[in-house]
Amino acid sequence: MATFLDHLVVTAPSLEIGAAFVHLHLGAMPQSGGAHEKMGTHNLLLRLDETAYLEVIAVDPGRAATQTSQPSRLRWFDLDRMRSDTHACLAAWVARTDDVRTTSAHASEDLGAIARMTRGDLTWLITIPHDGRVRLDGCAPLLIEWQGDVHPASRLPDAGLRLVKLELHPREPERLQKLFDTIDLSAPIGIVRTGRDGVRDPHARLVATIATPRGLRTIASA
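Residues numbered from 1 in each chain as written. Predicted model: local features only at pLDDT ≥ 70, side-chain atom pairs only at ≥ 80, totals over all residues. Heavy atoms only, no water.

Participant: In this structure, what is going on with the sheet that holds strand E9 (residues 162–169)? I would like to understand it.
Facilitator: Pairing within the open sheet is mixed, and its four strands lie in the order E10-E9-E11-E12. Strand pairing shows two members of the sheet lacking a second neighbour, strand E10 (189–191) and strand E12 (215–220), which therefore form its edges. Strand-to-strand twist across the sheet, computed as the mean angle between neighbouring axes with direction ignored, equals 20 degrees. Packed on one face of the sheet, helix H4 (residues 173–182) meets E9 and E10 and runs near 145 degrees to E10. (Pairing = 2+ DSSP bridges. Helix = DSSP H or I, 4+ residues; strand = E, 2+ residues; numbered from the N terminus. Axes fitted to C-alpha atoms, helices over the stretch in contact; angles between N-to-C directions. Contact = heavy atoms within 4.5 Å.)

Participant: How should the layout of surface pockets be read in this particular structure?
Facilitator: Leftover empty space is mapped by rolling, across the atoms, a probe with the size of a water molecule. What the largest pocket holds in volume is close to 510 Å³. Forming the walls of the largest pocket are 22 residues, and the residues nearest its centre are Phe77, Asp78, Cys89, Ala91 and Asp137. Secondary-structure elements contributing two or more residues to the lining of the largest pocket are strand E5 (89–96) and strand E11 (205–212). For the lining of the largest pocket, the element with the most residues is E5, which contributes four residues. By residue class, the composition of the lining of the largest pocket is ten nonpolar, six polar and six charged. (1 Å grid on protein atoms, 1.4 Å probe; cavity = no way out; pocket = protein on both sides within 12 Å on 5 of 7 lines; lining within 4 Å. Points joined across faces, edges and corners; volume = space filled by probe spheres on them. Nonpolar A, V, L, I, M, F, W, Y, C, P; charged D, E, K, R; others polar.)

Participant: Explanation requested: the pairing of E5 in the structure shown.
Facilitator: Side chains on a regular strand alternate between the two faces of the sheet. Burial within E5 is extensive, with seven of its eight residues counted as buried. Across seven bridges, strand E1 (residues 4–11) lies against E5 in antiparallel orientation. Residue pairing for E5: Val10 is matched across the bridge by Leu90. Examined bridge by bridge, E5 and strand E8 (residues 142–146) share three bridges and lie parallel to one another. (Buried < 20%, exposed > 50% of the residue type's maximum accessible area, 1.4 Å probe, protein only.)

Participant: Just to check I follow, could you spell out the nonpolar core for this structure?
Facilitator: In globular proteins that are soluble, nonpolar side chains generally tend to be buried together. With 45 residues, the main nonpolar core has Leu8, Leu54, Trp93, Leu166, Leu168, Ile210 and Ile219 as its most contacted residues. Element by element, the count of residues in this core is highest for helix H1 (residues 15–26), at five residues. Sequence-distant contacts of Ile219, that is, excluding residues within four places in its chain, are made with Val10, Phe21, His25, Leu26, Leu54, Leu90, Leu206, Val207, Ala208 and Ile210. With 22 residues, the next largest nonpolar core counts Trp76, Phe77, Ile126 and Trp146 among its residues. (Core = buried A, V, L, I, M, F, W, Y, C linked by side-chain atoms within 4.5 Å.)

Participant: When you look at unusual backbone geometry in this model, what are you seeing that I'm missing?
Facilitator: For residues other than glycine, phi is negative in most cases, and the peptide bonds are mostly trans. Positioned with a positive phi, Asp78 is a non-glycine residue whose angle comes to about 60 degrees. Positionally, Asp78 belongs in the loop between helix H2 (61–64) and E5. Assessed through its relative accessible area of 25%, Asp78 is described here as partly exposed. Backbone geometry at Asp137 places phi at a positive 60 degrees, although glycine is not the residue there. Summarising the element assignment, Asp137 is placed in the loop between strand E7 (122–128) and E8. A relative accessible area of 40% means that Asp137 is categorised as partly exposed.

Structural data, given as structure tokens:
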């Protein structure tokens, strides 16, 4: 069962910092999304096309401060380890499937337990690693299965942005390629195996190239 790129994830100490990062690099401001009650997080969204978007996500201080809203597990995208002075960056991406249980079972990597999540009237199933850390240094995707016929990106205003490509610079490219094969990934994603000097980069990175009304722009991991 094929999987497709669903959305890019920018993490930040706050939504304000994340929005400023996106505006600086892409020249557009993401709009309010909503809260994830089970995770104690909230987000901002920016459309990339009818079935893809960019998400800015941060711990929601209003919910994290109350005992009833504390998540029962570590938050997704490693947000529990984020400090107030951490820079916003492109930290992860999410792949869409019509059957998350089957796709997850076939994956060559353990992408996490499947959890049911909600935001407003949206419901979805998603894989979440138990320690909150995205696998393969952020290069592996989380898997998502939307519950419903309408993709949330189609609700967002069109700011003229389009994802051109996502380049992944993994420390273990063979493992990442095997994962992509086992989840039948169909997306504009490239695995970069060596740096410009022909030597493998010891640090994993994510780099997204996005077409904007002002030309091609990039956002990347720290």
